[in-house]
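Examination of the molecular architecture
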Amino acid sequence: APLDHIGYMQLALSEAHESPPKPSNFRVGAVLVDEGNNKILATGFTLELPGNTHAEQCCLQKFAERNDIPEERVGEVLPDKTVIYTTMEPCGLRLSGNMPCVERIIRTRQGGKKGVSKVYLGVKEPEKFVGENTGRAKLEEAGIECIHISGLEEEILRVATAGHE
Ligand SMILES: Nc1nc(=O)c(N)c(NC[C@H](O)[C@H](O)[C@H](O)COP(=O)(O)O)[nH]1
Ligand SMILES: [Zn+2]
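Just so it is clear, the structure is predicted and the values come from calculations on it, not from any experiment.

Observations regarding the pattern of salt bridges
Scanning the model with the defined rule gives 6 salt bridges in all. Glu76 is the partner of Arg73 in a salt bridge, and the nearest nitrogen-oxygen pair spans 2.9 Å. For Glu76, a relative accessible area of 43% corresponds to the partly exposed category. With a closest N to O distance of 3.2 Å, Lys124 and Glu89 form a salt bridge. Here Lys124 is found in the loop between strand 4 (116–123) and helix 4 (135–141), whereas its partner Glu89 is found in the loop between strand 3 (82–88) and helix 3 (101–107), with 35 residues between them in sequence.

Below you can see the structure in the form of structure tokens.
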């Protein structure tokens, strides 16, 4: 049977377990899903790809690479009903200064592409690095629904902060 919301979030959490612990970020897992056909498009975890990458960023980049285009153009090849499950809400600001995942996700809808239409998140971002994460408001403004899938918060946060002292 196809995975349900909690199934996809559990899959994202299993990805988060793969992330190498680091004091300056959170260990997050994500799954890019074609909700129209219940197909997994890509999985990702923090630091999976080279260059201080985030879980959501890795999903987009891996799917783009599989379609021979750069991540910034991945919206051109995403199926119409693409959604992303991420154990922690997408970042709106990064201490490293790298492009936040909220911007990367909104960018998938540029040029009238459907891109990512929903973000399912396991927890809000703890205010440890950048204060309150205001990304969800930006996602909603861009027409992207943010839905909290509850039930895994404790384990998500334990995994996310395992690299912290
Ligand atoms: N949603 C999300 N997915 C991730 O894969 C990840 N690592 C974070 N973490 C958010 C946190 O705010 C940033 O990790 C810090 O702000 C440091 O920024 P860098 O990660 O070094 O760019 N958040
Ligand atoms: Zn991010």
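Notes on the site of ligand 1
For ligand 1, the set of nearby residues contains 20 residues, the closest of which are Thr46, His54, Arg94, Ser96 and Glu125. In this structure, Met88 approaches ligand 1 through a main-chain N or O atom, which is 3.4 Å from a nitrogen atom. In isolation ligand 1 exposes 500 Å². Once the protein is present, 98% of that is buried. Counted by class, the shell around ligand 1 contains 10 nonpolar, 6 polar and 4 charged residues.

Some words on the coordination of the zinc ion (ligand 2)
The zinc ion (ligand 2) binds to the protein through His54 (ND1), Cys91 (SG) and Cys101 (SG); the donor distances cover 2.1 to 2.2 Å. Between the donor residues of the zinc ion (ligand 2), the gaps in sequence give the motif H-x36-C-x9-C. Here His54, found in the loop between strand 2 (39–45) and helix 2 (55–66), pairs with Cys91, found in the loop between strand 3 and helix 3; they are 37 residues apart in sequence, far enough to count as distant.

Some remarks on the confidence of the model for the protein
Counting all residues, the mean pLDDT for the protein is 97, and 100% of those residues have values of 70 or more. Across the assembled chains, the prediction reports ipTM 0.99 with pTM 0.97.

The rules behind each value
Residues numbered from 1 in each chain as written. Chains lettered and ligands numbered in written order. Predicted model: local features only at pLDDT ≥ 70, side-chain atom pairs only at ≥ 80, totals over all residues. Heavy atoms only, no water. Salt bridge = Lys/Arg side-chain N within 4 Å of Asp/Glu carboxyl O. Buried < 20%, exposed > 50% of the residue type's maximum accessible area, 1.4 Å probe, protein only. Helix = DSSP H or I, 4+ residues; strand = E, 2+ residues; numbered from the N terminus. Near = heavy atom within 4 Å. Polar contact = N/O pair within 3.5 Å; in protein donor to acceptor, adjacent residues only side chain to side chain. Areas by Shrake-Rupley, 256 points an atom, 1.4 Å probe, with all protein chains shown as cover. Nonpolar A, V, L, I, M, F, W, Y, C, P; charged D, E, K, R; others polar. Donors = N, O, S within 2.8 Å, 3.2 Å for Na, K, Ca; no water. pLDDT = per-residue confidence, 0-100.

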